[in-house]
Amino acid sequence: MNAAEDGPKRAVTATMVKVLIHRRTDRGMRLEPYASRCVRAGEVHELVVTDHVETAAGTRIDRVGFLGFVEITGAGVLDRGDEIWAGGRRIGVLLGFDGCHFPNHYNVLIHADPISTGPELDLAPEMPVLFRQGSDIPFVRAEAADIAQWVNREF
């Protein structure tokens, strides 16, 4: 994503519809070549946390924690670098998308460390979820340590 081409946008709103409780170290998801995806109201997508930081198309994502499924309530554009909030708590930063289940749903990959599951973050059905434009996008040619520092900064 080119920050010079990325203008302001509204937040995308969603509601948690199902909480997931498991994690894997061998998931084998593959990053789609897209830095953004449009989402429509009523669509359901899966939120997956990973500590991976690479964003190249086809990157294999193995270490994951499953948070749950959300229903999009306010359509918009999800971009790499967006912050994800659930129940007023910052969950992490959007890393990219895996389309292995598409067109049923996307796996929305969220960078966070440590890797958590839905119950570990106290997620619950009907909880509001927000995808908010990030203030900076460090994923382009950034070192892992720089990304970890950016992702874990205070707001």
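Reading the values: rules and limits
Residue positions are counted from 1 within each chain, in the order its sequence is given. This being a predicted model, a pLDDT of at least 70 is required before a residue's local features are given, and a value of 80 or more before pairs of side-chain atoms are given or counted; all residues contribute to the totals for chains, interfaces and linings. Here the side-chain values reflect all heavy atoms present in the structure, with hydrogen atoms and water set aside. Helix numbering and strand numbering both begin at the N terminus, where a helix is a DSSP run of H or I of at least 4 residues and a strand a DSSP run of E of at least 2. Between two residues, a contact is recorded if the distance between any of their heavy atoms is within 4.5 Å. Throughout, exposure labels follow a simple rule: accessible area from a 1.4 Å probe, protein chains only, divided by the maximum for the residue type, with under 20% read as buried, over 50% as exposed, and the rest as partly exposed. Any two strands with at least two DSSP bridges between them are considered paired. The term salt bridge refers to a side-chain nitrogen of Lys or Arg lying within 4 Å of a carboxyl oxygen of Asp or Glu.

### Thoughts on the environment of P128
Piece 1. For P128, the location among the structural elements is in strand β12 (residues 128–132).
Piece 2. Sequence-distant contacts of P128, defined by excluding residues within four places in its chain, comprise A14, W85, A86 and G87.

### Quick look at the pairing of strand β11 (residues 107–111)
Piece 1. By the criterion of burial, β11 is predominantly enclosed, with five of the five residues buried.
Piece 2. In β11, alternate side chains face the same way, and those of N107, L109 and H111 on one face and V108 and I110 on the other are all buried.
Piece 3. Here strand β5 (residues 44–50) pairs with β11 via five bridges, running parallel. If you follow V49 over to β11, its bridge partner there is I110.

### Structural notes on unusual backbone geometry
Piece 1. Cis geometry marks the peptide bond from F102 to P103; its omega dihedral reads 20 degrees.
Piece 2. Mapped onto the secondary structure, P103 falls in the loop between β10 (89–98) and β11.
Piece 3. Not every positive phi belongs to a glycine, and D122 is a case in point at roughly 60 degrees.
Piece 4. Among the secondary structure elements, D122 is positioned in the loop between β11 and β12.
Piece 5. A relative accessible area of 58% means that D122 is categorised as exposed.
Piece 6. The residue E126 is not glycine, and still its phi comes out positive at about 75 degrees.
Piece 7. Residue classification places E126 among the exposed residues on the basis of a relative accessible area of 64%.

### Some points on the pattern of salt bridges
Piece 1. On inspection of all chains with the given rule, the structure shows seven salt bridges.
Piece 2. Here E120 and R23 are joined by a salt bridge, their closest N and O atoms 2.7 Å apart. With a gap of 97 residues between them, E120 in the loop between β11 and β12 and R23 in strand β2 (residues 23–24) connect regions that are remote in the sequence.
Piece 3. What emerges from the salt-bridge pattern is a single network uniting K9, D79 and D82.

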